[in-house]
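# Fold and contact review
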Amino acid sequence: MRFITLQLRFLVPLLVVLGAAAYFSLPLMDRLTLRWFARDLNMRGALVANTLSESMSEAIQDPRGRKLQALFGRAVLDERLVAMGWCPPGGGLAVRTPTFPRDMSCADAERIASEPDPQLRIEGGPVHVSVHDVQAESGPVGRLVLMHDLSFIDRRSQDTRRYLIFLIAGLGVLIALVTMVVAQLSWRGWVRGTRALLRGEGLLRPMGAASPELEPIAQELRTRLRDLEDEYRRARTQESDWSATRLQSLLRTQLSGDQVIVVSNREPYIHDRGPGGEVIVRRPASGLVTAVEPVMRACSGTWIAHGGGSADRDVVDKHDRVALPPGEPDYLLRRLWLTPEQEQGYYYGFANEGLWPLCHVAHVRPVFRESDWQQYREVNQLFADAVVAEARGEDPLVLVQDYHFALVPAMVRRKLPRATILTFWHIPWPNPESFGICPWRNELLEGMLGSSIMGFHTPFHCKNFIETVDRFLEARIEHEHSTVTHRGEHTFVESYPISIEWPSAQTVAGWPSPQACRHSLGVELGIPADHRLAVGVDRFDYTKGILERLHAVERLLEKYPQWRDRFTFVQVAAPTRAMLEEYQSFQQRIQALARRINERYATGGRDVVRLLARHHEHDEVNRLYRAADACLVTSLHDGMNLVCKEFVAARDDEQGVLILSRFAGAARDLPEALLVNPYHVEEMADALHQALTMPHAEQRERMASLRSTVREFNVFRWAGRMLTDAARWRLRERVSLRVKRHRDDTLA
Ligand code: ADQ
């Protein structure tokens, strides 16, 4: 019944359109055929007049007109020619056939013939009237009036109308049949695909029949279903937003007893030697660490990372492990040691001079060296071996982090075929053309496809990745399920937008007020109380758009002089990859530009740009966020960017304006920020001016909306989504393994 209703939805408009087309086209057709025939009859008349002209010039010699009468009598024997008359030059009608209307004069005939529709109704029916000159050798001898029968046109037009009605009706039936068949097939495809998605099949990998009809909306459907799943579970268990507790309960219920191993280059805590020989613990400035550490605290697993701190070796046990966080241990960190050559080739070389610029497409040329690639492979193998060594069973859940370890998934898969490997790529994925310049693109892709799940920040990066695989590898792609099958192994490619841990009420209660933050910062940096304050917090990286940001500050002061001596910009920049020449020269350019701006605009010995090129503790960064009137995040390209989310989380007073680059993954979810193109200095300067002059009510409105987004889409949701997918994947693997064993037993 529902299907018939659906069909009617197609058919009724179709029939209405066809009916209307027939209704309006028939009179049009009539008029058209009539015009064609009138033209034909005019031509035919001219032909008759021509043919008769010789005989007529002879016949008119007969003064009694008998010859002419006889000639006309013979001519009207033609079934179409009904009547004829002759008008000599300057005279009235001289000869006519008996069928010629009695009361019609030559002038009447001339008048009717000159009308657009030269018709006349006589006794025998409608006729077409035409008048033609008759020429003899001596010159014109008069005019011939011809009347052609028109009743046959009526008959023909009725025939045409009948055929047209049959044609339209036949066409209608045919189109209706085709529409019904196509609609039925599409309907079935939709129902099948939607059912598969609802059963959860399409969420991870293709099961059952494919439904290409769903392809354009599969991603949206998946996301919506997840949201519904979340809402449903929350309503059932009366849970709040995603939190550490909720993540723990997910781990307990869906991954109970499963071991979680994280692999990343950067360690969550660095142990360094202080000037007095004491051990100092530091949290590195890294988006990855910011995001993954709360997850590890929630799941108490093992984290494998490169031990790069000067006191790292001194605090580990004999298995190179240390319990973290210091003082309240929740998980284990297993440190791996790299030689300087390994670190140089794998980390600085291949990862940061090759893959980083390759994926960011920020106009810095990637460098690919064979020796770096060898080190990259070697170090990836080292980490993969450590995963195998740390695994307590044959199917741990391995969370591989970032572009430093593209080869690890396939390496682990070889040793632990039943492991669930979830790889998260924290930086953007470029289009196939850009990625194609990497000499080892196929090896990298094959390495990544060792993963069960491949995660990116945005659907756009997923799409780029799938297209890259499609371009360079022999793989089967199921777009509607977002799955790649390579050498018989499936990889589910999905977007998981990363975020931050939302500060608890208790944490927020311990923060000094924004006014207190502004005051203490002002005292510390010598910023007058009446100055408006904008801040930037980044690693010293060329992708973060720090240079462009400074140009915007300079332009602001040029274009809006009212801000001179009323505005300060504080840029906190944590040193990063300082061994690389590209980074050194970048830092020098920033410093030179900051100097130039200060020389131009410093007043009373106070600099406009304060460049604080050192690592800051979390509390210091937070104070900066809370003190600021505006926060500038102007990345030229960024996977997600956590600084903007941290700024929003820090502003419980709902004040402060976020200026955010369109090219950061975060821009997709934070439209209430002032979105800018960092390459457009003028636009950024204007945005800065807008931020500094924005009324409090508007700031509040924008900030409240940003806060509710970041609170809900927090890091536990990011992890929760990935772990839910991983749990589903594991369940499916276990079921199919049991089915296979059962089948093998039965056969044996
Ligand atoms: P990053 O490129 O490191 O991360 P981002 O997401 O901005 O970039 O995170 C930087 C982190 O470092 C933030 O937590 C910030 O507070 C901190 N930080 C920056 N400067 C600091 C300083 N001077 N002192 C102390 N802390 C500082 C990569 C990707 C991002 C992605 C993350 C997470 O490039 O796009 O959002 O991973 O996936």
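The structure displayed is predicted, hence computed values, not measured ones.

## What to know about the sheet that holds strand 23 (residues 674-676)
Remark on secondary structure: sheet strands pair via backbone hydrogen bonds, oriented parallel or antiparallel. With respect to topology, six strands assemble into an open sheet ordered 20-19-18-21-22-23, the strand pairing being parallel. At either end of the open sheet lies a strand with only one pairing partner, and these are strand 20 (609-612) and strand 23. This sheet shows a mean twist of 20° between the axes of neighbouring strands, independent of strand direction. Where strand 19 (residues 567-574) meets strand 20, four bridges bridge the pair, whose relative direction is parallel. Bridge pairing in strand 20 links Phe 569 to Val 609. Against the sheet, helix 18 (residues 546-559) engages strand 18 (532-539), strand 19, strand 20 and strand 21 (630-633), with an angle of about 175° to strand 19. Here helix 22 (residues 681-692) sits on the sheet in contact with strand 18, strand 19, strand 21, strand 22 (657-661) and strand 23, set at roughly 170° to strand 23.

## Considerations on empty space enclosed by the protein
Counted according to the given criterion, the structure contains six cavities of 30 Å³ or more. In this structure, the largest cavity spans a volume of roughly 60 Å³. Take the lining of the largest cavity: its biggest share by element is four residues, from helix 24 (residues 715-747). Of the residues belonging to the lining of the largest cavity, the class tally is eight nonpolar, one polar and no charged.

## Structural notes on the confidence of the model for the protein chain
One rule of thumb: low pLDDT means the predicted coordinates there are not for detailed reading. Per-residue confidence for the protein chain gives a mean pLDDT of 90; residues scoring 70 or more make up 94%. Low pLDDT, under 50, characterises residues 205-210; the predicted model gives this stretch 15 contacts beyond four residues in sequence or across chains.

## Section: helix 21 (residues 643-650)
In terms of residue burial, helix 21 counts as a mostly covered element, since eight of its eight residues are buried. Tucked inside the fold, the buried residues of helix 21 contact helix 8 (287-299), strand 18, helix 20 (618-627), strand 21, strand 22 and helix 23 (696-712).

## A look at the nonpolar core
The biggest cluster of nonpolar side chains holds 94 residues, and the ones touching the most others in it are Tyr 376, Phe 383, Trp 425, Leu 444, Phe 456, Phe 465 and Phe 567. Residue contributions to this core peak at nine residues, all from helix 10 (residues 340-360). Sequence-distant contacts of Phe 567, defined by excluding residues within four places in its chain, comprise His 531, Arg 532, Ala 534, Val 553, Leu 556, Leu 557, Val 608, Leu 688 and Leu 692. If you look at the next biggest cluster of nonpolar residues, it comprises 77 residues, including Tyr 269, Ile 453, Val 535 and Phe 647.

Cut-off values and rules
Residues numbered from 1 in each chain as written. Predicted model: local features only at pLDDT ≥ 70, side-chain atom pairs only at ≥ 80, totals over all residues. Heavy atoms only, no water. Pairing = 2+ DSSP bridges. Helix = DSSP H or I, 4+ residues; strand = E, 2+ residues; numbered from the N terminus. Axes fitted to C-alpha atoms, helices over the stretch in contact; angles between N-to-C directions. Contact = heavy atoms within 4.5 Å. 1 Å grid on protein atoms, 1.4 Å probe; cavity = no way out; pocket = protein on both sides within 12 Å on 5 of 7 lines; lining within 4 Å. Points joined across faces, edges and corners; volume = space filled by probe spheres on them. Nonpolar A, V, L, I, M, F, W, Y, C, P; charged D, E, K, R; others polar. pLDDT = per-residue confidence, 0-100. Buried < 20%, exposed > 50% of the residue type's maximum accessible area, 1.4 Å probe, protein only. Core = buried A, V, L, I, M, F, W, Y, C linked by side-chain atoms within 4.5 Å.

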